[in-house]
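The chain contents come next:
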Amino acid sequence: MSDKLHKTAITPSTHTAPPAKFSHGVRKGNILQVAGQVGFLPATPGHSPTPAGPTLREQTVQTLANVKAILEEGGASWEDVVMLRVYLTDVEHFAELNEIYNEYFADLKEAPSARTTVYVGLPAGLLIEIDALAVLG
Amino acid sequence: MSDKLHKTAITPSTHTAPPAKFSHGVRKGNILQVAGQVGFLPATPGHSPTPAGPTLREQTVQTLANVKAILEEGGASWEDVVMLRVYLTDVEHFAELNEIYNEYFADLKEAPSARTTVYVGLPAGLLIEIDALAVLG
Amino acid sequence: MSDKLHKTAITPSTHTAPPAKFSHGVRKGNILQVAGQVGFLPATPGHSPTPAGPTLREQTVQTLANVKAILEEGGASWEDVVMLRVYLTDVEHFAELNEIYNEYFADLKEAPSARTTVYVGLPAGLLIEIDALAVLG
């Protein structure tokens, strides 16, 4: 009825259509979920997705930009995020991740989100994947 | 008080009792969380859980059926899911996963959920695990 | 305005400041998210974080204590948790994890939370990491 919650797909203009039947982000009620993002540059029609570069720094900054684009398209910001899940491929990357992370989030006004960092396998060439859960309102 | 939210365990008839003190799914308020499901066939009393087969396709279809059983037992459907976490064991399985996934979700009416896919270790013989977060209402 | 939800960082006295710009836990509205916890003993000023011991049992019990400290500091308890994500490093640890888990949660009154257990890489010496999502109210 009129107060039934609607689930909305979020697809920023910087993103290609997802490679399968999932959404880059979805919002339902005050919950916004961002799908796992990697360090691909903004989509160029007719070209395959390309990572921002081979380094952790390049990929992390781009991955965070990709998460942010979805948050903003969905009416949210970093201030609304309650959880970031960070998937790295190499435990040796932890210190550098934190350095980049701290620079990136230096100006947060609200409490920073919680975070879990674990080490997994990712497709060749990708060093980081991040997803996010935001609560709006 | 009367408006205190109640947390309810969800145990479909197709499922064995969980192997530890967790629930296959829980619902509290309008949040429904499905625990990590694998490709086990419906439980048969007195028998150990058995995967639907050795292939990614067999296990993925069964895993999705197991997630769905919990959603439905909890009063939800795929249309309510905001996030699916897919754990594979082999990056070579990504393309086939997407093919199966797209077939399975071809008839969704609402926006498809967000998704994160990472590559982890799973118990011997298991190729996929999936959990889900749904927002009802 | 007056009914805008506020996001609150949760930092129990047992915890060091997070090693990067994230919160050990955050609460916004009725959602409480606990960041990935490991088996570090309560913080001692001037000392590096130290695991409770080398065994799965020692680390699991301490990790659960660390999750619990955050839940309680945020006004929640195990009864409010809808999802625990358990990251192990070795599939051989599953049976022992369940044993410890069942002992630990023997006295739960509400439905136990859902759970996903996967096997990932963690920093050297750490055998388990756990994060939690709670819904209050």
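Residues numbered from 1 in each chain as written. Chains lettered and ligands numbered in written order. Predicted model: local features only at pLDDT ≥ 70, side-chain atom pairs only at ≥ 80, totals over all residues. Heavy atoms only, no water.

Chain A has the name Reactive intermediate/imine deaminase in an unreviewed UniProt entry, where Streptomyces zagrosensis is given as its organism.

Student: Honestly, the pattern of salt bridges in this entry has me stumped. Any pointers?
Tutor: Between side chains of opposite charge, pairing is possible as soon as their charged atoms come close. This structure, assessed with the given rule, holds 15 salt bridges over all chains. Connected through shared salt-bridge partners, Arg-57, Glu-99 and Glu-103 of chain A make up one network. (Salt bridge = Lys/Arg side-chain N within 4 Å of Asp/Glu carboxyl O.)

Student: I keep staring at the packing of aromatic side chains and nothing clicks. Help me out?
Tutor: What characterises a pair of aromatic rings is the spacing of the ring centres plus the angle enclosed by the ring planes. For the structure on display, the rule yields 12 aromatic pairs over all chains. Between Trp-78 of chain A and Phe-105 of chain A, the ring centres sit 4.9 Å apart and the planes meet at 85°, which makes this aromatic pair edge-to-face. With Trp-78 of chain A in the loop between helix H1 (56–73) and strand E4 (81–88) and Phe-105 of chain A in the loop between helix H2 (94–104) and strand E5 (114–119), this residue pair connects regions lying 27 residues apart in the sequence. Take Trp-78 of chain A and Phe-105 of chain A: they sit in the same class, and that class is buried. Judged by centre distance (4.8 Å) and plane angle (65°), the rings of Tyr-101 of chain B and Phe-105 of chain B are edge-to-face. The exposure class of Phe-105 of chain B is buried, given its relative accessible area of 4%. Ring-pair connections join several aromatic residues into one group, and the members of that group are Trp-78, Tyr-101, Tyr-104 and Phe-105 of chain A. Taking the ring centre of Tyr-101 of chain A as reference, the NZ or CZ of Arg-115 of chain A above it sits at 4.5 Å. (Phe/Tyr/Trp six-rings, centres within 6.5 Å; stacked < 30°, edge-to-face > 60°. Helix = DSSP H or I, 4+ residues; strand = E, 2+ residues; numbered from the N terminus. Buried < 20%, exposed > 50% of the residue type's maximum accessible area, 1.4 Å probe, protein only. Lys NZ or Arg CZ within 6 Å of the ring centre and 35° of its normal.)

Student: Where do I start with the interface of chain B and chain C in this structure?
Tutor: For an interface, size is often stated in terms of accessible area lost upon the parts coming together. Contact with chain B, which involves 27 residues of that partner, is made by 30 residues of chain C. Interface area, chain B with chain C, both sides summed: about 2,300 Å², of which 58% is carbon and sulfur. On the chain B side of the interface with chain C, the three residues burying the most area are Lys-7, Lys-21 and Lys-28 of chain B, jointly 32% of the side's total. At the surface where chain B touches chain C, the tally comes to 2 salt bridges. In this structure, Asp-131 of chain B engages Arg-85 of chain C in a salt bridge whose closest nitrogen and oxygen atoms are separated by 2.8 Å. The tally of links from chain B across to chain C stands at 16 residue pairs in polar contact (both at pLDDT 80 or more). Elements represented by at least two residues in the side of chain B that touches chain C include exactly strand E1 (7–10), strand E2 (25–28), strand E3 (31–37), strand E4 (81–88) and strand E6 (128–135) of chain B. When residues in the side of chain B that touches chain C are grouped by element, the largest group, 5 residues, is from E3 of chain B. (Contact = heavy atoms within 4.5 Å. Buried area = accessible area lost by both parts, 1.4 Å probe. Polar contact = N/O pair within 3.5 Å; in protein donor to acceptor, adjacent residues only side chain to side chain.)

Student: I keep staring at the interface of chain C and chain A and nothing clicks. Help me out?
Tutor: Listed by partner, the interface residues are 27 residues for chain C and 30 residues for chain A. Roughly 2,300 Å² of surface becomes buried between chain C and chain A when both sides are summed, with 58% attributable to carbon and sulfur atoms. On the chain C side of the interface with chain A, the three residues burying the most area are Lys-7, Lys-21 and Lys-28 of chain C, jointly 32% of the side's total. Applying the counting rule to chain C against chain A returns 2 salt bridges. Applying the counting rule to chain C against chain A returns 16 residue pairs in polar contact (both at pLDDT 80 or more). Per-element tally for the side of chain C that touches chain A: the top contributor is strand E3 (residues 31–37) of chain C, with 5 residues. Here the residues of the side of chain C that touches chain A are counted per class, giving 14 nonpolar, 6 polar and 7 charged. (Nonpolar A, V, L, I, M, F, W, Y, C, P; charged D, E, K, R; others polar.)

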